[in-house]
Amino acid sequence: MKISNEQIDELYRFTQKHFVDYYDLQTELVDHLANGIEAKWQTNPNISFKNALSLEFKKFGVFGFSEVVEERRRMLCKKYRGFIWNYFKAWWSLPKVILSASFIYLIFKVLNGIVDVSMKEMIIASFFTTIVFLISIKSYFFHRQMKLRSKKWMLQDIIFRQLGIADLFIIPVNLLSVTNQTQFLNNTYSDLALAIIMVQSVFLFKIMFVDIPQKSEELLAQTYPEYRMV
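1. Quick word on the nonpolar core
Leu-11, Ile-37 and Phe-65 are the most contacted members of the largest nonpolar core, which has 58 residues in total. At the level of secondary structure, the elements contributing two or more residues to this core comprise helix H1 (5–17), helix H2 (23–43), helix H3 (49–58), helix H4 (66–90), helix H5 (96–112), helix H6 (117–148), helix H7 (154–162) and helix H10 (188–223). Take this core: its biggest share by element is 12 residues, from H10. The residues touching Ile-37, leaving out its near neighbours within four places in the chain, are Ile-3, Leu-11, Phe-49, Ala-52, Leu-53 and Glu-56.

2. Structural notes on a nonpolar patch on the surface
On the surface, a nonpolar cluster with roughly 510 Å² of combined accessible area is contributed by Phe-133, Leu-134, Ile-137, Tyr-140 and Phe-141. For Tyr-140, the position within the fold is in helix H6.

3. Digging into the packing of H2 against H3
One way to put it is that H2 packs onto H3 with a least axis distance of 9 Å and a crossing angle of 120 degrees. Between H2 and H3, the crossing angle belongs to the class labelled oblique. Judged by the sense of rotation from one axis to the other, the crossing of H2 with H3 is right-handed. Within the contact between the two elements, H2 uses Leu-33, Gly-36, Ile-37, Lys-40 and Trp-41 and H3 uses Phe-49, Ala-52, Leu-53, Leu-55, Glu-56 and Phe-57. For the contact of H2 with H3, the per-class residue count stands at 8 nonpolar, 1 polar and 2 charged.

4. Quick look at the packing of aromatic side chains
Taken as a whole and assessed by the stated rule, the structure comprises 11 aromatic pairs. Aromatic side chains Tyr-23 and Trp-153 sit 5.3 Å apart centroid to centroid with 70 degrees between the ring planes, which places their arrangement in the edge-to-face category. Here the residue Tyr-23 occupies a position in helix H2, and Trp-153 occupies one in the loop between H6 and H7, the gap between them amounting to 130 residues. Look at Tyr-23 and you get buried, because its relative accessible area is 14%. Residue classification places Trp-153 among the buried positions, given a relative accessible area of 1%. Ring centres of Phe-57 and Phe-65 lie 5.0 Å apart, and the angle between their planes is 65 degrees; on these two criteria the pair is classed as edge-to-face. For the pair shown, Phe-57 and Phe-65 are each scored as buried.

5. Considerations on the environment of Lys-40
Looking at the secondary structure, you find Lys-40 in helix H2. Classification of Lys-40 as buried rests on a relative accessible area of 17%. Placed 15 residues apart in sequence, Lys-40 and Leu-55 show a C-alpha to C-alpha distance of 9.4 Å. Ignoring any residue separated from it by four or fewer positions in sequence, one finds Lys-40 in contact with Ile-47, Ala-52, Leu-55, Glu-56 and Lys-59. At 2.6 Å, the side chain of Lys-40 forms a polar contact with the side chain of Glu-56.

6. Digging into the confidence of the model for the chain
Residues of the chain with pLDDT of at least 70 account for 87%, and the chain-wide mean is 82. Put simply, helix H8 (residues 171–178) is where the chain has its lowest mean pLDDT, 54, and H1 is where it has its highest, 93.

7. A word on the layout of surface pockets
The calculated volume of the second largest pocket comes to roughly 230 Å³. Looking at the second largest pocket, it is lined by 13 residues, and the ones nearest its centre are Asp-21, Tyr-23, Ser-150, Lys-151 and Lys-152. For the lining of the second largest pocket, the elements supplying multiple residues, two or more each, are H1 and H2. Of the residues assigned to the lining of the second largest pocket, the class counts are 5 nonpolar, 4 polar and 4 charged.

8. A word on the pattern of salt bridges
Tallying each qualifying case throughout the model produces 8 salt bridges. The closest approach of N and O atoms between Lys-120 and Asp-191, which form a salt bridge, is 3.1 Å. Of this pair, Lys-120 sits in helix H6 while Asp-191 sits in helix H10, placing them 71 residues apart in sequence. Here Lys-120 matches Asp-191 in class, with each residue buried. Linked through salt bridges whose partners overlap, the residues forming this network are Lys-40, Glu-56 and Lys-59.

So, how was this worked out
Each chain has its residues counted from 1, following the order in which its sequence is written. Totals for whole chains, interfaces and linings use every residue, but because this is a predicted model, local features are given only for residues with pLDDT of at least 70 and side-chain atom pairs only at 80 or more, for both listing and counting. Hydrogens and water are ignored here; the side-chain numbers use all heavy atoms of the structure. Take the buried Ala, Val, Leu, Ile, Met, Phe, Trp, Tyr and Cys residues and link them wherever side-chain atoms come within 4.5 Å; each set so joined is a nonpolar core. When accessible area is computed with a 1.4 Å probe and restricted to protein chains, residues below 20% of their type maximum are described as buried, those above 50% as exposed, and intermediate ones as partly exposed. Secondary structure elements follow DSSP: runs of H or I of four or more residues count as helices, runs of E of two or more count as strands, with numbering from the N terminus. Whether two residues are in contact is decided by their heavy atoms, any of which lying within 4.5 Å being enough. Nonpolar side chains (Val, Leu, Ile, Met, Phe, Trp, Tyr) within 5 Å and like charges within 9 Å form the patches, drawn only from residues with over 30% relative accessible area and no salt bridge. Values of accessible area rely on a 1.4 Å probe in the Shrake-Rupley scheme; residue burial ignores everything except the protein chains shown. Whenever Lys or Arg places a side-chain nitrogen within 4 Å of a carboxyl oxygen from Asp or Glu, that contact is recorded as a salt bridge. Interaxial angles span 0 to 180 degrees and are taken between N-to-C directions of axes, which are lines fitted to C-alpha atoms, for helices over the stretch in contact. Here is the rule for angles: anything less than 35 degrees is roughly parallel, anything more than 145 is roughly antiparallel, 65 through 115 is roughly perpendicular, and the remaining ranges are oblique. By convention, the crossing between two helices is left-handed when the near helix turns anticlockwise from the far helix through less than a right angle, and right-handed when the turn is clockwise. Gly is placed with the polar residues, together with every amino acid not listed as nonpolar (Ala, Val, Leu, Ile, Met, Phe, Trp, Tyr, Cys and Pro) or charged (Asp, Glu, Lys and Arg). Whether two aromatic rings pair depends on their centres lying within 6.5 Å, for rings of Phe, Tyr and Trp, where Trp uses its six-membered ring; planes under 30 degrees apart make the pair stacked, over 60 edge-to-face, and the rest tilted. Polar contact is the term for a pair of N or O atoms within 3.5 Å; when the atoms are in protein, one must be able to donate a hydrogen and the other to accept it, and sequence-neighboring residues count only if both atoms are side-chain atoms. What pLDDT reports is the predictor's confidence in each residue, on a scale of 0 through 100. Buried and open spaces are told apart on a 1 Å grid over the protein atoms alone, a cavity being a set of points where a 1.4 Å probe fits but cannot get out and a pocket being an open set with protein on both sides within 12 Å along at least five of seven lines. Residues with an atom within 4 Å of a point are the lining residues. Grid points are joined across faces, edges and corners, and a volume is the space filled by probe spheres set on the points.

This is the structure:
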């Protein structure tokens, strides 16, 4: 006995009723439940669909699907951090490390050549403010894109939640406000440190707001063919 399309739809509604909002996770649970029900029909053809479903659901314990959802979230968060780390490492491997070092040297020379402390402070503050502004714009369009989709996908939700790191890019500006600016900004080592931070900030922005979202689209499309149709 095989599960009908109507029963598959009922399994989707069942998972959503039990607080599984993400379509990708619903699909995996529906597949798991369907296989379990069909296995029960092989040993007991007289058992009803609802009874077989109830028995399969009991296997998930008193918390139902909640533990599965959390485990899946932890796994995808780990995968997401792995994506970031791998992309980030790529910028420090040949030949990209030469480009990275060139950017750092160029910014260092510009900062080191500015004598006016207030001018240097304005340039640094403007740089990080621009980064935060771009993050806000990206976050807005990403959120809008998610709202237009009829189905929620956990990986996209994780990426969107990570977009709240904009405050991290304000930290260098805050540090300037609590330090002795003249002493700090007229220091060669400080100029080098700021150059490194600024270049890394650009790379991190590109990775988290351009590369990773594009990669997530590819992963979802490969894993769930219906994603492109959605």
